[in-house]
Amino acid sequence: QVQLVESGGGLVQAGGSLRLSCAASGGISGFNCMAWYRLAPGKQRELVALITSGGSTNYDDSVKGRFTISKDNAKNTVYLQMNSLKPEDTAVYYCNAPVIPTMTTYMYVSWGQGTQVTVSS
């Protein structure tokens, strides 16, 4: 059974950068896509970025041009490079493997603990 462990979050000033990692025990190559999500206080979980098994990527409009998702199948790890961070990016960030790429409801794997990203103004 795959387990997901997110890391790399922290406190950063607006305009700064962070690189998140998601290590998947049991591998990621069997999933059609992997994605990063975020959950901010008072808001619903939202899709931030996804990457397909073939390497195609898609981003929420709010992070386009600032965030980059990538993966290393050999290391069973998915990354999220976040640049030009804004206070509104503050949230707990999670990775997972969605059953339907555009939906946040059904995942193949149980949610991990996430990693907190806090951007100060």
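Thresholds applied
Residues numbered from 1 in each chain as written. Predicted model: local features only at pLDDT ≥ 70, side-chain atom pairs only at ≥ 80, totals over all residues. Heavy atoms only, no water. Helix = DSSP H or I, 4+ residues; strand = E, 2+ residues; numbered from the N terminus. Rg over C-alpha atoms; globule rule 2.2 N^0.38 Å. Buried < 20%, exposed > 50% of the residue type's maximum accessible area, 1.4 Å probe, protein only. Areas by Shrake-Rupley, 256 points an atom, 1.4 Å probe, with all protein chains shown as cover. Lys, Arg positive; Asp, Glu negative; His and termini not counted. Charge placed at Lys NZ, Arg CZ, Asp CG, Glu CD. Salt bridge = Lys/Arg side-chain N within 4 Å of Asp/Glu carboxyl O. Patch = residues over 30% accessible without salt bridge, like charges linked within 9 Å, V, L, I, M, F, W, Y side chains within 5 Å. Core = buried A, V, L, I, M, F, W, Y, C linked by side-chain atoms within 4.5 Å. Contact = heavy atoms within 4.5 Å. Pairing = 2+ DSSP bridges.

**A few points about the overall build of the chain**
Okay, so step 1: Helix and strand content of the chain: 0 helices and 10 strands.
Okay, so step 2: For 121 residues, the compact-globule estimate of 2.2 N^0.38 gives 14 Å, and the chain sits close to it at 13 Å.
Okay, so step 3: Across its three principal directions, the C-alpha atoms of the chain cover 40 × 30 × 25 Å.
Okay, so step 4: Looking at the chain residue by residue over its 121 residues, the buried ones come to 41%.
Okay, so step 5: Summed over its atoms, the accessible surface of the chain is roughly 6,200 Å², and 47% of this surface lies on carbon and sulfur atoms.
Okay, so step 6: Across the chain, the 9 positively charged side chains and the 7 negatively charged ones have centroids separated by 3 Å.

**Describing the pattern of salt bridges**
Okay, so step 1: Applying the stated criterion across every chain, the model contains 4 salt bridges.
Okay, so step 2: Of the charged contacts, one joins Arg38 and Glu46 as a salt bridge, the two residues approaching to 2.6 Å between their closest N and O atoms.
Okay, so step 3: By relative accessible area, which is 6% here, Arg38 ends up buried.
Okay, so step 4: Glu46 sits in the partly exposed class, given a relative accessible area of 32%.
Okay, so step 5: Of the charged contacts, one joins Arg38 and Asp89 as a salt bridge, the two residues approaching to 3.0 Å between their closest N and O atoms. Here Asp89 lies in the loop between strand E8 (77–82) and strand E9 (91–96) and Arg38 lies in strand E4 (residues 33–39), a separation of 51 residues in the sequence.
Okay, so step 6: Its relative accessible area of 1% is what places Asp89 among the buried residues.
Okay, so step 7: Connected via shared salt-bridge partners are Arg38, Glu46, Arg66 and Asp89.

**Topic: a nonpolar patch on the surface**
Okay, so step 1: There is a patch of nonpolar side chains on the surface, built from Val99, Ile100, Met103, Tyr106 and Tyr108 and spanning about 490 Å² of accessible area.
Okay, so step 2: Residue classification places Ile100 among the partly exposed residues on the basis of a relative accessible area of 39%.

**Points about the nonpolar core**
Okay, so step 1: Ranked by internal contacts, the top residues of the largest apolar core, which has 30 residues, are Trp36, Leu80, Met82 and Tyr93.
Okay, so step 2: At the level of secondary structure, the elements contributing two or more residues to this core comprise strand E3 (18–25), E4, strand E5 (46–52), strand E7 (67–72), E8, E9 and strand E10 (115–120).
Okay, so step 3: For this core, the element with the most residues is E3, which contributes 4 residues.
Okay, so step 4: Non-local contacts of Met82, meaning those with residues more than four positions away in its chain, are made with Gly16, Ser17, Leu18, Leu20, Arg66, Phe67, Tyr93 and Val117.

**As for the pairing of E8**
Okay, so step 1: Across the 6 residues that make up E8, a large majority, 5, are buried.
Okay, so step 2: Alignment of E3 against E8, held across 6 bridges, turns out to be antiparallel. When the sheet's bridge partners are listed, Cys22 is paired in E8 with Val78.
Okay, so step 3: Where E7 lies against E8, 6 bridges are found, and the strand directions are antiparallel. By the bridge assignment for E8, Lys71 is matched with Val78.
Okay, so step 4: Hairpin connection, E7 to E8: the antiparallel pair is bridged by 4 residues, and Asn76 has positive phi, about 50 degrees.

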